[in-house]
Amino acid sequence: MKKKYDLEKFLDSIYIQAHSHDSVKTYRNGIKKLERYLHDKHDTNLEGMVSSIKDGKQDVYEFLRDFVIHLDKSKMKASTVAIIVAAVKSYLRFCGIKIYNEDFKQMVKMPRRLRPVEMPLTKEIISNLLRQVSFKMQTCIIFCVASGVRIGELVQIKITDIDFDMTPTRIRIRAETTKTGESRETFLTHEATEYLKNYLKRYFEWNEDKPNPRMENVYLFGRTSISKVGIRKPDSQLKIHPITANKILLQKTLEDYLKKSPDLNMKVNGNRYAIHFHNFRKFFRTTVGNNIGRDFAEALIGHRFYMDTYYTIPDEKKRQMYLEAEPHLTISNFENVEKNLKMMADKHANLENKVNELMEYIRSNSIEIPGFFKNN
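Read on for an overview of the structure.

Conventions we followed
Residues numbered from 1 in each chain as written. Predicted model: local features only at pLDDT ≥ 70, side-chain atom pairs only at ≥ 80, totals over all residues. Heavy atoms only, no water. Phe/Tyr/Trp six-rings, centres within 6.5 Å; stacked < 30°, edge-to-face > 60°. Helix = DSSP H or I, 4+ residues; strand = E, 2+ residues; numbered from the N terminus. Expected span 1.5 Å × (residues − 1). Buried < 20%, exposed > 50% of the residue type's maximum accessible area, 1.4 Å probe, protein only. Arc of directions from axis to C-beta. Disulfide = S-S within 2.5 Å. Salt bridge = Lys/Arg side-chain N within 4 Å of Asp/Glu carboxyl O. Pairing = 2+ DSSP bridges. Lys, Arg positive; Asp, Glu negative; His and termini not counted. Contact = heavy atoms within 4.5 Å. Polar contact = N/O pair within 3.5 Å; in protein donor to acceptor, adjacent residues only side chain to side chain. Axes fitted to C-alpha atoms, helices over the stretch in contact; angles between N-to-C directions. Parallel < 35°, antiparallel > 145°, perpendicular 65-115°, else oblique. Nonpolar A, V, L, I, M, F, W, Y, C, P; charged D, E, K, R; others polar.

### A few points about the packing of aromatic side chains
- Inspection of the entire model under this criterion finds 14 aromatic pairs.
- With a centroid separation of 5.3 Å and an interplanar angle of 80 degrees, the aromatic rings of Phe 10 and Tyr 91 are classed as edge-to-face. With Phe 10 in helix H1 (residues 7-18) and Tyr 91 in helix H5 (residues 78-94), this residue pair connects regions lying 81 residues apart in the sequence.
- Measuring from centroid to centroid gives 5.2 Å for Tyr 199 and Phe 221, while their planes differ by 15 degrees, and the two rings are stacked. With Tyr 199 in helix H10 (residues 190-204) and Phe 221 in the loop between H10 and helix H11 (242-259), the pair connects residues that are 22 residues apart, well separated along the chain.

Right, here's the structure in full:
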């Protein structure tokens, strides 16, 4: 009979909370670090450690303090240490061991987390990147830049989530794919829509004018080794969940392209790549926030605090707001787009000045104001 501190039961309880395979993987890796530490430093296992704490032979806070010191001396990043310790604390609580947060803070000193300064992406950088990568990666990048989706949401997009009949193209982000567990919608620019359509035709033999029922359950941005009819074959050899595998594949592929391009192979604090999928999401949030409004941008990327306000906006207004943002999210030939935007703004300002001059002339000469001016 398995005991209540059985690891698999614990991981099942983690999955139930968020239905996230990534969370399960993170907690499993954390417990593996603990098991290695117990084996190498204490010549025991999980069962022995739990029994020792419960029997009063080992103080839980002293144990955790020594474990943190061990992890820190192993040259792990502070953020990694925090994740591992969170997993271990959660496991100990699952085993019936009480850990009070205030006591933990007093007894266990965690290494200070350094927050590196992110390099903001520009259209020039993204445009340069697009010239260095495959068509599939181009489509992934343009999709993220135009929609603000997380990479975990991107790899779970299905054809049934996309409404090409709407302008702009609407993307439905299903609740089970989101970090917050809430569904939402976002949009694609005309540029991203064209990329996506060409991608679907190339890799899945998608027909724009006919139903594509065999694609309904296919993850569009997973592995694209396809069969004759364009449907991705399942990989039965994968040892990790397919969704996690797809995320890792995209991230690793992007890093491989960056390594081949010296002018793009930039790192923050000599460690993390400056260009990564989360940075595309940040570019979207900053761009839409600066040009349309922060609340609208935060709601589109799925930050919960802003969702209630977003859902009170009529659908037509949402589309109009996104269309206003679209030129600022367009990457291909962006220099001409921005030049045209400036020309239109200058023309509008000039026209407004002319109208004001005309109105002043009419008033100063006691001329009756035409009806269409009164209506405006």
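From this point, the discussion proceeds with the structure in view.
### With respect to helix H2 (residues 21-42)
- Between its first and last C-alpha, H2 extends 31 Å over 22 residues, near the 32 Å set by a 1.5 Å rise per residue.
- Looking at H2, one finds that the buried residues are Val 24, Gly 30, Ile 31, Leu 34, Tyr 37 and Leu 38. Down the axis of H2, the buried side of the element spans an arc of 150 degrees, and every buried residue falls inside it. In H2, the exposed residues that point more than 90 degrees away from the buried face are His 39 and Asp 40.

### Focus: the state of the cysteines
- Under the defined criterion, the tally for this structure stands at zero disulfides.
- Cys 144 carries a free sulfur, and the closest cysteine sulfur to it, the one in Cys 140, is 6.7 Å from it.
- Residue classification places Cys 144 among the buried residues on the basis of a relative accessible area of 1%.

### Remarks on the environment of Cys 95
- Considering the arrangement of structural elements, one finds Cys 95 in the loop between H5 and helix H6 (101-107).
- Linking Cys 95 and Val 50, residues 45 residues apart in sequence, is a C-alpha distance of 7.4 Å.

### A look at the pattern of salt bridges
- Counting across every chain of the model gives 16 salt bridges.
- The salt bridge partner of Lys 201 is Glu 208, with a shortest N-O separation of 3.7 Å.
- Given a relative accessible area of 39%, Lys 201 falls into the partly exposed group.
- Looking at Glu 208, the relative accessible area reads 38%, which means it is partly exposed.

### A few points about the pairing of strand S3 (residues 184-188)
- With five of five residues buried, S3 lies mostly within the body of the structure.
- Side-chain alternation along S3 places Arg 184, Thr 186 and Leu 188 on one buried face and Glu 185 and Phe 187 on a second face that is also buried.
- With five bridges connecting them, strand S2 (residues 169-173) and S3 associate as antiparallel partners. Paired with Arg 172 across the bridge in S3 is Glu 185.

### So, the side chain of Arg 281
- With respect to the helices and strands, the residue Arg 281 is situated in helix H12 (residues 277-291).
- Despite being buried, Arg 281 has no salt bridge partner; Glu 153 is the closest side chain of opposite charge, sitting 4.6 Å away.
- In contact with Arg 281, other than residues within four places in its own chain, are Gly 148, Val 149, Arg 150, Arg 184, Ile 301 and His 303.

### A look at the side chain of Ser 147
- Relative to the helices and strands, Ser 147 resides in helix H8 (residues 135-147).
- Under the relative-accessibility criterion, Ser 147 is labelled buried at 0%.
- Here the side chain of Ser 147 touches Phe 143 through a polar contact of 2.6 Å, landing on its backbone oxygen.
- Here the side chain of Ser 147 touches Val 149 through a polar contact of 3.5 Å, landing on its backbone nitrogen.

### Remarks on the packing of H8 against H11
- In the contact formed by H8 and H11, the axes pass within 11 Å of each other and the chain directions differ by 110 degrees. On the basis of their axis angle, the class for H8 and H11 is roughly perpendicular. In this structure, H8 uses Lys 136, Met 137 and Cys 140 to contact H11, whose residues at the interface are Leu 250, Thr 253, Leu 254 and Tyr 257.
- A breakdown of the residues in the contact of H8 with H11 according to their chemical character gives five nonpolar, one polar and one charged.

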